[in-house]
Amino acid sequence: VEAINGDKLRGHLEERVLSTLERGDAHGLEIVGRLEEAGCGLLRLTEGSLYPALYRLEAAGEVKAVWEAEPYGRRGARRRIYRLTGKGQRKLNEGRVEWQQLVHVIGGILGAPA
Amino acid sequence: MNESTQAQLRIIVERVVRPVRASMSRKLKMREELLAHTSAVFEEEAARLDNEQAALEQTAQRFGNPAELTGQLQVSIPTSDLLQRFLEGMALRTDESMLHRAVRFTVVTFFVCAVYLLPAFFVQSRLIEWPLIMAFGITVFYFAFHSDLMRQALDLDGAKGRLWRRYAIAAAASSFLVSGVTIGLGLTFSGDGRSSLTDVLPLLPAAVLTPVAFVVPVDCFAAELRSHRKWMSLPIN
């Protein structure tokens, strides 16, 4: 099966990030790992693209971030740990309903109902 | 991870962050977080490939196209960052002296206060209180000049050391800010030097704490500036 990447992946990125945080707080690389794991390795995200999405979610109050107390590695930089907020949970729930509707409608058009 | 690899990882991050139009503090946060990410990716790849150069290339590839990422980061900057960027621009102009900068801040403060306060004083028949505007102006001048002086004293690289004597003079001088402005206002309103001095006595603890109030934010700002300059000195082309 061909890997899914690029524009196809950018849609719904924020909802996918929120859904990974539903499993618990995580830093950026951990979120990437959870996304890949959930997509069975078929969803290839350019990892830098995750951060603009996280910053938008943070600005909207849908995630909350705190700096890690200890820097990563011997002389490394600190990571930020992201947590899903109540507002983020509501957005995720709405996103799930919208997705089901979209799959239902497009599936009907293509003659391949979900 | 050796110095050269660390520098290469910083360059990968800086190619993305430097062109973003955002405040210095926001960009520093981005740089730190993205550097933590690329460092972790590099370690994964170095363990997998057992070759540092190949691991660096793979890290850059996994991170993404710099121009695309810059565009995506730019869109994520909130409008509220504009004000901070404007204030940083005002404070960090390199083409003027400390005195010129302090005078510029004072003039702007004076006009802003005059526009907002004078009509209010006029409507409430409190025009006698106009020296308050002067007090604001003097306070801003004092703050701008002394914080600049402190920043320069604290802002040097480790090799050169800090100008502790200059810093101590600036800190001691800032102690007079609260008391000086209060005496000035007291003299203006009452014209009585003795009662003005009595009014200042309860403010002496505040006067002693003024240098602390100055030095904490100024030292943080100086540290941010040092880090920003270090990132900006990286060759990204």
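Residues numbered from 1 in each chain as written. Chains lettered and ligands numbered in written order. Predicted model: local features only at pLDDT ≥ 70, side-chain atom pairs only at ≥ 80, totals over all residues. Heavy atoms only, no water.

S.K.: Before we move on, could you go through the interface of chain B and chain A and cite the residues and values that matter?
M.R.: At the interface, 25 residues of chain B touch 21 residues of chain A. Summing the contributions of chain B and of chain A, the shared interface buries around 2,200 Å²; its carbon and sulfur component is 55%. By the criterion of area lost to chain A, the three top residues of chain B are Glu-32, Glu-33 and His-37 of chain B, representing 29% of everything that side buries. Across the contact surface, chain B and chain A share three salt bridges. Residues Arg-80 of chain A and Glu-33 of chain B are paired through a salt bridge, measuring 3.9 Å at the closest nitrogen-oxygen approach. Our count for the contact surface shared by chain B and chain A stands at eight residue pairs in polar contact (both at pLDDT 80 or more). (Contact = heavy atoms within 4.5 Å. Buried area = accessible area lost by both parts, 1.4 Å probe. Salt bridge = Lys/Arg side-chain N within 4 Å of Asp/Glu carboxyl O. Polar contact = N/O pair within 3.5 Å; in protein donor to acceptor, adjacent residues only side chain to side chain.)

S.K.: Report on the packing of helix H2 (residues 13-21) of chain A against helix H3 (residues 28-38) of chain A, specifying residues and quantitative values.
M.R.: All names here are of chain A. One can describe the packing of H2 onto H3 by two numbers: an axis separation of 10 Å at closest approach and a directional angle of 100°. Taken as axis vectors, H2 and H3 run roughly perpendicular relative to one another. Across the interface between the two elements, Arg-16, Val-17, Thr-20 and Leu-21 of H2 pack against Ile-31, Arg-34 and Leu-35 of H3. Here the residues of the contact of H2 with H3 are counted per class, giving four nonpolar, one polar and two charged. (Axes fitted to C-alpha atoms, helices over the stretch in contact; angles between N-to-C directions. Helix = DSSP H or I, 4+ residues; strand = E, 2+ residues; numbered from the N terminus. Parallel < 35°, antiparallel > 145°, perpendicular 65-115°, else oblique. Nonpolar A, V, L, I, M, F, W, Y, C, P; charged D, E, K, R; others polar.)

S.K.: Go over the packing of aromatic side chains, please, and point to the residues and values.
M.R.: Applying the stated rule across the entire model yields three aromatic pairs over all chains. Both rings, one in Tyr-51 of chain A and one in Tyr-55 of chain A, keep their centres 6.4 Å apart while their planes meet at 50°; by these two values the pair is tilted. Of this pair, Tyr-51 of chain A and Tyr-55 of chain A are both found in helix H4 (residues 50-59), four residues apart, which corresponds to roughly one turn of the helix. A centroid spacing of 6.0 Å and a plane angle of 5° characterise the contact between Phe-141 of chain B and Phe-145 of chain B, whose relative ring orientation is stacked. Here Phe-145 of chain B and Phe-141 of chain B lie together in helix H7 (residues 131-154), a separation of four residues that amounts to about one turn. Overall, the relative accessible area of 29% leaves Phe-141 of chain B in the partly exposed class. One Lys or Arg, Arg-78 of chain A, reaches over the ring of Trp-67 of chain A and ends 4.6 Å from the middle of that ring. Its guanidinium or amino end placed over the ring of Trp-231 of chain B, Arg-10 of chain B lies 4.8 Å from that ring's centre, counting from NZ or CZ. (Phe/Tyr/Trp six-rings, centres within 6.5 Å; stacked < 30°, edge-to-face > 60°. Buried < 20%, exposed > 50% of the residue type's maximum accessible area, 1.4 Å probe, protein only. Lys NZ or Arg CZ within 6 Å of the ring centre and 35° of its normal.)

S.K.: How would you explain a nonpolar patch on the surface if you had to name every residue and give the values?
M.R.: Residues and elements named next belong to chain B. Among the surface-exposed residues, Leu-99, Val-103, Val-107, Phe-110, Phe-111, Leu-118, Phe-122, Val-123, Leu-127, Trp-130, Met-134 and Ile-138 lie close enough to one another that they form a single nonpolar patch of about 1,200 Å² accessible area. Elements that contribute at least two residues to the nonpolar patch include exactly helix H6 (98-123) and H7. With eight residues, H6 is the largest single contributor of residues to the nonpolar patch. Here Val-107 shows up in helix H6. (Patch = residues over 30% accessible without salt bridge, like charges linked within 9 Å, V, L, I, M, F, W, Y side chains within 5 Å. Areas by Shrake-Rupley, 256 points an atom, 1.4 Å probe, with all protein chains shown as cover.)

S.K.: Can you break down the nonpolar core residue by residue, with the values?
M.R.: Grouped together as the largest cluster of nonpolar side chains are 45 residues, with contacts concentrated most on Val-17, Leu-21, Ile-31, Leu-50 and Tyr-82 of chain A together with Leu-73 of chain B. Beyond its immediate stretch of four places on either side in the chain, Ile-31 of chain A contacts Val-17, Thr-20, Leu-21, Ala-26, Leu-50, Leu-54 and Tyr-82 of chain A. In terms of nonpolar packing, the next biggest core, distinct from the first, is built from 17 residues, Ala-135, Tyr-167, Ala-171 and Val-181 of chain B among them. (Core = buried A, V, L, I, M, F, W, Y, C linked by side-chain atoms within 4.5 Å.)

S.K.: Can you explain the environment of Ser-97 of chain B? Please cite residues and give values.
M.R.: With respect to the helices and strands, Ser-97 of chain B occurs in the loop between helix H5 (81-91) and H6. Each C-alpha atom, one on Ser-97 of chain B and one on Phe-136 of chain B, is 22 Å from the other, the two residues being 39 residues apart in sequence.

S.K.: Summarise unusual backbone geometry; cite the residues concerned and give the values.
M.R.: Of note, Asp-50 of chain B is a non-glycine position whose phi angle comes to about 60°, a positive value. Note on placement: Asp-50 of chain B falls in the loop between helix H2 (24-49) and helix H3 (52-63).

Read these as geometric descriptors, not functional statements.
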